[in-house]
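# Structure at a glance
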Amino acid sequence: MQRWRGLEDIPQDWGRSVVTIGSYDGVHRGHQLIIRHAVNRARELGVPAVVVTFDPHPSEVVRPGSHPPLLAPHHRRAELMADLGVDAVLILPFTTEFSKLSPADFVVKVLVDKLHAKAVVEGPNFRFGHKAAGNVEFLATQGKTYDFEVEVVDLYVTGEAGGGEPFSSTLTRRLVAEGDVEGAAEILGRPHRVEGVVVRGAQRGRELGFPTANVETLPHTAIPADGVYAGWLHAQGEAMPAAISVGTNPQFEGTERTVEAYAIDRVGLDLYGLHVAVDFLAFVRGQAKFDTLDALLEQMGADVQKCRELVAAEEAA
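Residues numbered from 1 in each chain as written. Predicted model: local features only at pLDDT ≥ 70, side-chain atom pairs only at ≥ 80, totals over all residues. Heavy atoms only, no water.

To keep it simple, the criterion reads: UniProt positions are given in the numbering used here, feature names are shortened, and annotations may be inferred rather than shown by experiment.
The chain has the name Riboflavin biosynthesis protein in an unreviewed UniProt entry, where Streptomyces chartreusis NRRL 3882 is given as its organism. Recorded in UniProt for the chain, the comment headed Function (unreviewed entry) runs: "Catalyzes the phosphorylation of riboflavin to FMN followed by the adenylation of FMN to FAD." Of the comments in the UniProt record for the chain, the one headed Sequence similarities (unreviewed entry) reads "Belongs to the ribF family."

What follows is the structure, encoded as structure tokens:
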């Protein structure tokens, strides 16, 4: 899959394509409906499928300081889109100048002049251009002028997550923030993932017999509520069952929120400096401060056993 950052990265000889545009944070099951439709339409027409997305999130430029927590960084979104059959991802730098582009100018500069759109696939509430003035109806009128089809796909999927609310990135962020990683996984179609580089912490876990990978998460990452979770630690191409701690470590008067993952039953791991990923399978318990160190150690042992059982059950399912 090709990855372009900015319009200038698009090959000069790029031909017709099927395009879909959106932030697509998380590439959740609703997003997948739209992207799969775009890919299928591209195959029917014999042209590539292109996803257009933005960096930073448009809200950060339009309303500075309002950047939402991100469910997936751009490289992860690209991997997920590639798995769906997308041929190219175009990441447009979203600047103040770009935000002032009118819907008509956006159509010409991006869809017509650069991507030579043969079809554009969007959800029913898609908005674009300055002050989000463009919608799918406007896009359809532009398609008649510039010779591209517009297809609208209902992205609304519902389930048990969020009490039956339609699946969305906003709902997923809320569930993650509440620690409902199982609900988030229902929407995403996979466990919520946090990524970053392993850095040196206070190394108390090592001293206590549970050495953890202290993950320095990427900016704006959506991090689950404080507590202990079962999941997996992905490092060097391996997925290891893990007990994951999120929080400030109140037992030792900590103040900085951290994400730490203990690779269950693994000895001698040296992950410092490596980029790793942590997948959250299930919430085990909330963050707590114990009366004694022995009580903490006893609870940590029980937590690890619970996480071992939860991961084993998931892998056997």
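### A few points about the overall build of the chain
Put simply, the rule is: Helix and strand labels come from DSSP, where a helix needs a run of H or I of at least four residues and a strand needs a run of E of at least two; each type is numbered from the N terminus. Whether two residues are in contact is decided by their heavy atoms, any of which lying within 4.5 Å being enough. For every accessible area listed, the method is Shrake-Rupley and the probe measures 1.4 Å; residues are considered covered only by the protein chains on display. When charges are counted, Lys and Arg contribute as positive and Asp and Glu as negative, whereas His and the chain ends are disregarded. Charge placement uses NZ in Lys and CZ in Arg. For Asp and Glu, CG and CD serve respectively.
In terms of helices and strands, the chain carries 10 helices and 12 strands. Principal-axis analysis of the C-alpha atoms places the extent of the chain at approximately 75 × 40 × 35 Å. In the chain, 72% of the contacts between residues at least 6 apart in sequence involve partners at least 24 apart. As displayed, the chain offers around 14900 Å² of accessible surface, 50% of which is attributable to carbon and sulfur atoms. Within the chain, one finds 30 positive and 43 negative side-chain charges whose respective centroids are separated by 5 Å.

### Considering the domain arrangement of the chain
Applied cut-off: Source of the domain bounds: an automatic or database domain assignment. By convention, the term buried area covers the 1.4 Å-probe accessible surface removed from two parts as they join, with the contributions of both added. A pair is scored as a salt bridge if a Lys or Arg side-chain nitrogen falls within 4 Å of a carboxyl oxygen belonging to Asp or Glu. Between N or O atoms, a polar contact is any pair within 3.5 Å; within protein, one atom must be a potential hydrogen donor and the other a potential acceptor, and residues adjacent in sequence are included only when both atoms are from side chains. Asp, Glu, Lys and Arg are counted as charged, while Ala, Val, Leu, Ile, Met, Phe, Trp, Tyr, Cys and Pro are counted as nonpolar; the rest, among them Gly, fall into the polar class.
Domain annotation for the chain reports domain 1 (2-156) and domain 2 (192-316). The C-alpha centroid of domain 2 is placed 36 Å from the C-alpha centroid of domain 1. Each side of the interface is counted separately: domain 1 has 8 residues, and domain 2 has 8 residues. Of the roughly 650 Å² buried at the junction of domain 1 and domain 2 (both faces included), carbon and sulfur atoms supply 54%. Area buried by domain 1 at its contact with domain 2 is led by Leu-70, Leu-71 and Arg-76, which between them contribute 51% of it. The interface formed by domain 1 and domain 2 includes 0 salt bridges. For the pair domain 1 and domain 2, the interface holds 3 residue pairs in polar contact (both at pLDDT 80 or more). Tallied by class, residues from the side of domain 1 that touches domain 2 come to 5 nonpolar, 2 polar and 1 charged.

### Brief notes about the packing of helix α5 (residues 103-112) against helix α6 (residues 136-146)
The criterion, for reference: Convention adopted: a line fitted to C-alpha atoms gives each axis, helices being fitted over their contacting stretch, and angles between N-to-C directions are expressed from 0 to 180 degrees. Orientation is classified from the angle alone, with under 35 degrees giving roughly parallel, over 145 giving roughly antiparallel, 65 to 115 giving roughly perpendicular, and any other angle giving oblique. Definitions for this section: a left-handed crossing has its near helix turned counterclockwise from the far helix by less than a right angle. A right-handed crossing has that turn clockwise.
Contact geometry of α5 with α6 gives a least axis separation of 11 Å together with a crossing angle of 50 degrees. One way to sum up the angle between α5 and α6 is to call them oblique. As for how α5 packs across α6, the hand of that crossing is right-handed. Listed contacts from α6 to Pro-103, Ala-104, Val-107, Val-108, Leu-111 and Val-112 of α5 are Phe-138, Leu-139, Gln-142 and Tyr-146.

### Quick look at empty space enclosed by the protein
Let me state the cut-off plainly: In the cavity and pocket records, a cavity denotes points on a 1 Å grid over the protein atoms alone where a 1.4 Å probe fits but cannot get out, a pocket denotes an open set with protein on both sides within 12 Å along at least 5 of 7 lines, and lining residues are residues with an atom within 4 Å of a point. Grid points are joined across faces, edges and corners, and a volume is the space filled by probe spheres set on the points.
This structure, assessed with the given rule, holds 2 cavities of 30 Å³ or more. In terms of lining, the largest cavity is formed by Leu-71, Ala-72, Pro-73, Arg-76, Leu-188, Arg-190, Pro-191, His-192, Arg-193 and Glu-195. Ranked by residue count, the leading element in the lining of the largest cavity is strand β7 (residues 192-199), at 3 residues. Its residues assigned to classes, the lining of the largest cavity comprises 5 nonpolar, 1 polar and 4 charged. For the lining of the largest cavity, the domains that each give at least three residues are domain 1 (2-156) and domain 2 (192-316). Here the second largest cavity is characterised by a volume of approximately 30 Å³. In this structure, the second largest cavity is lined by Val-18, Thr-20, Ile-35, Ala-38, Val-39, Ala-49, Val-50, Val-51 and Val-86. Elements represented by at least two residues in the lining of the second largest cavity include exactly β2 (17-21), α1 (29-45) and β3 (49-55). Of the residues assigned to the lining of the second largest cavity, the class counts are 8 nonpolar, 1 polar and no charged.

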